[in-house]
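Each chain, letter by letter, is given below.
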Amino acid sequence: MAFPTFTLQLPNWVDTLLSDPQQCYPSEQSRMELAIALARRNVETGTGGPFGAAVFELESGRLVAPGINLVIPAGCSAAHAEIVALTLAQQQTGCYRLGMDGKRFELVSSTEPCAMCLGAIPWSGIVRLTCGARDEDARGIGFDEGAKPAQWILELERRGIEVVRDVCRSEATAVLRQYRDQGGEIYNGDAQRS
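Presented here is a report on the structure given in the accompanying data block. (Residues numbered from 1 in each chain as written. Predicted model: local features only at pLDDT ≥ 70, side-chain atom pairs only at ≥ 80, totals over all residues. Heavy atoms only, no water.)

A separate point is unusual backbone geometry. For Asp166, which is not glycine, the phi dihedral falls at a positive 65°. Here Asp166 lies in the loop between β5 (162-164) and α8 (169-181). Its identity as a non-glycine residue notwithstanding, Cys168 has a phi of 55°, on the positive side. With respect to the helices and strands, the residue Cys168 is situated in the loop between β5 and α8. For Cys168, a relative accessible area of 14% corresponds to the buried category. (Helix = DSSP H or I, 4+ residues; strand = E, 2+ residues; numbered from the N terminus. Buried < 20%, exposed > 50% of the residue type's maximum accessible area, 1.4 Å probe, protein only.)

Our next topic: the layout of surface pockets. The volume enclosed by the largest pocket comes to roughly 300 Å³. If you go around the largest pocket, you meet 15 residues; those closest to its centre are Leu10, Val14, Asp15, Leu18 and Pro66. Breaking the lining of the largest pocket down by element, the ones donating at least two residues are α1 (13-17), β2 (63-68) and α4 (81-93). Broken down by element, the lining of the largest pocket gets its largest block of residues, 4 residues, from β2. Of the residues belonging to the lining of the largest pocket, the class tally is 10 nonpolar, 3 polar and 2 charged. (1 Å grid on protein atoms, 1.4 Å probe; cavity = no way out; pocket = protein on both sides within 12 Å on 5 of 7 lines; lining within 4 Å. Points joined across faces, edges and corners; volume = space filled by probe spheres on them. Nonpolar A, V, L, I, M, F, W, Y, C, P; charged D, E, K, R; others polar.)

Counting 55 residues, the largest nonpolar core has Leu34, Val55, Leu107, Ile126, Leu129 and Leu156 as the members making the most contacts within it. Broken down by element, this core gets its largest block of residues, 7 residues, from helix α2 (residues 28-45). (Core = buried A, V, L, I, M, F, W, Y, C linked by side-chain atoms within 4.5 Å.)

Here we come to the state of the cysteines. Within the structure shown, the criterion is met by 0 disulfides. We note that Cys114 lacks a disulfide partner, and the nearest cysteine sulfur, in Cys117, lies 3.8 Å from it. With a relative accessible area of 7%, Cys114 lands in the buried category. Unpaired in this structure, Cys131 has its nearest cysteine sulfur neighbour in Cys117, at a distance of 11 Å. For Cys131, a relative accessible area of 0% gives the class buried. (Disulfide = S-S within 2.5 Å.)

Attention now moves to the pairing of strand β1 (residues 52-57). Most of β1 is tucked away, with 6 of its 6 residues classed as buried. Burial of β1 is two-sided: the residues Gly52, Ala54 and Phe56 facing one way and the residues Ala53, Val55 and Glu57 facing the other way are all buried. In the sheet, β1 pairs with β2 via 5 bridges, with the strands oriented antiparallel. Following the sheet pairing, Gly52 is matched in β2 by Ile68. Alignment of β1 against strand β3 (residues 105-111), held across 5 bridges, turns out to be antiparallel. Its bridge partner being in β3, Ala53 is matched across the sheet by Ser109. (Pairing = 2+ DSSP bridges.)

Below is the structure:
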């Protein structure tokens, strides 16, 4: 029996949006603006859910890898924007754990992590997580974010991962609402009712 291969491929529009892959994003706001732009374009082109993320070198602001939600086009419930960005960053650096080369990395996500993405963060090697929309904003349009510890931020901080919240929150939340208003599929919404 031959099993299928699994490949995550970003849509072509990502290369167009990121025409200068060496561009640096010097502030947390500029980094978040990129994550939100990825989420917005994903919604506008119909290539996935309303979530964007990116991994940056913390000190320089250099983009290491973008990520968008690919759950529906990839047919994979694990293809969340944060997982895609972390996976591509690890492939880009050649390290299964970011920071093994002495550099410090930041994950910027248009929305706070769901339970699955939260579980991946401590092992990813990032030292900073920056979030736009909150968990309740994603739940507010019908997504099931899973069971997360009430003190998830403190848990990450105990592991040496700084958490910054609410960066461009209103802009990030607007993308979630845009997705809902356009009739975007809430692919895990029925998990809340089970």
